[in-house]
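Tertiary structure, described
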Amino acid sequence: LFIAPSVFSDTTVEAYVRQLQASYKGVQSLKADFTQSYEWGNRNRVEKGSVIFARGGRMRWEYEKPQDKLFVSDGKHVILYVPEAKQMTRSSVKEAEDIRVPFRLLLSRLDLHKVFDKIEFADDALEHDADDRLLRGYPKRGDESGIHEVLMEITPQFDIRQLEVVYADRSRMNFKFSATEKNVSVSPDMFRFTPPEGTEIIDQK
């Protein structure tokens, strides 16, 4: 359903963003199922799995469909392991350009104004649940990053239900999250990975 902004309360964007950011201050970890889709031209790729975020910029994305993959960050480095290819790519967080990397800030220091030049309500931009709100953010140095805008669907509980990145060429990367759980038990070992013997390791600099 496309919901007109007038349906919602008269909360300002600034007040809403403050509430959203405050809601994550006590969250130490977060777990969810996800569907990731990428659309460019008339092509579309869809992947599914589960993800865990934890304080300190740590995260673990386990892809199950259509191919097993593992994307892990310990807060300093990120690795992508593809079992079928017997290959692991490793890079520092600062050097990584992967679209999943910004998610590591979700629990560490959620500050949208450090990421976006402008934030606005955009409740007609995407199909969404009637009780949710949509935010549109225009990234700082967007022309340099190649990202035109970011859309975020937020539930009344301030869970991020959907996040869509719109690139300058109008291709789109969309993440949908479900079964979200906050403050789940996590182990430091979940954010480390030792590849099996015989794995090709590629260090990106």
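Because the structure is predicted, anything quoted here is derived from the model rather than measured. (Residues numbered from 1 in each chain as written. Predicted model: local features only at pLDDT ≥ 70, side-chain atom pairs only at ≥ 80, totals over all residues. Heavy atoms only, no water.)

**Some details on the environment of S187**
Structurally, S187 can be placed in the loop between β11 (172-182) and β12 (200-203). S187 gets classed as partly exposed once you look at its relative accessible area, which sits at 28%. Expressed as a C-alpha distance, the spacing of S187 and A54, which sit 133 residues apart in the sequence, is 9.6 Å. (Helix = DSSP H or I, 4+ residues; strand = E, 2+ residues; numbered from the N terminus. Buried < 20%, exposed > 50% of the residue type's maximum accessible area, 1.4 Å probe, protein only.)

**Brief notes about the sheet that holds strand β8 (residues 133-139)**
Pairing within the open sheet is mixed, and its 12 strands lie in the order β7-β8-β9-β10-β11-β1-β2-β3-β4-β5-β6-β12. Only two strands of the sheet have a single neighbouring strand rather than two, namely β7 (116-121) and β12. Across the sheet, the mean angle from the axis of one strand to that of its neighbour is 20 degrees, orientation sign disregarded. Of the pairings in the sheet, the one linking strand β3 (residues 58-65) to strand β4 (residues 69-74) comprises six bridges and is antiparallel in character. Bridge pairing in β4 places W61 opposite F71. (Pairing = 2+ DSSP bridges. Axes fitted to C-alpha atoms, helices over the stretch in contact; angles between N-to-C directions.)

**Regarding the confidence of the model for the protein**
When pLDDT is averaged along the protein, the result is 86, and 89% of the positions lie at 70 or above. Across residues 1-10, where pLDDT falls below 50, the model places 19 contacts with residues more than four positions away in sequence or in other chains. (pLDDT = per-residue confidence, 0-100. Contact = heavy atoms within 4.5 Å.)

**Focus on the side chain of E149**
Assignment of secondary structure puts E149 in strand β9 (residues 147-154). Not counting residues within four places of it along the chain, the set of residues in contact with E149 comprises R136, G137, Y138, P139, E164, V165 and V166.

**Regarding the nonpolar core**
One finds W61 and L112 to be the most contacted residues of the largest nonpolar core, which totals 38 residues. Sorting the residues of this core by element identifies α1 (13-23), β1 (29-40), β2 (43-54), β3, β7, β9, β10 (160-167) and β11 as the ones contributing at least two each. When residues no more than four places from it in sequence are discounted, the contact partners of L112 are V17, L20, Q21, I119, L135 and M152. One finds I52, A54, L70 and V72 within the second-largest nonpolar core, a separate group that totals eight residues. (Core = buried A, V, L, I, M, F, W, Y, C linked by side-chain atoms within 4.5 Å.)

**Some thoughts on the packing of aromatic side chains**
By the definition in use, this model includes 11 aromatic pairs. Seen from their ring centres, Y38 and W40 are 4.7 Å apart, and the 20 degrees between their planes marks the pair as stacked. Among the aromatic residues, those joined into a cluster by ring pairs are F34, F53, W61, Y63, F175 and F177. Sitting over the ring of F121, R133 keeps its end group 3.7 Å from the ring centre. The aromatic ring of Y24 is capped on one face by K182, whose charged end is 5.1 Å from the ring centroid. (Phe/Tyr/Trp six-rings, centres within 6.5 Å; stacked < 30°, edge-to-face > 60°. Lys NZ or Arg CZ within 6 Å of the ring centre and 35° of its normal.)

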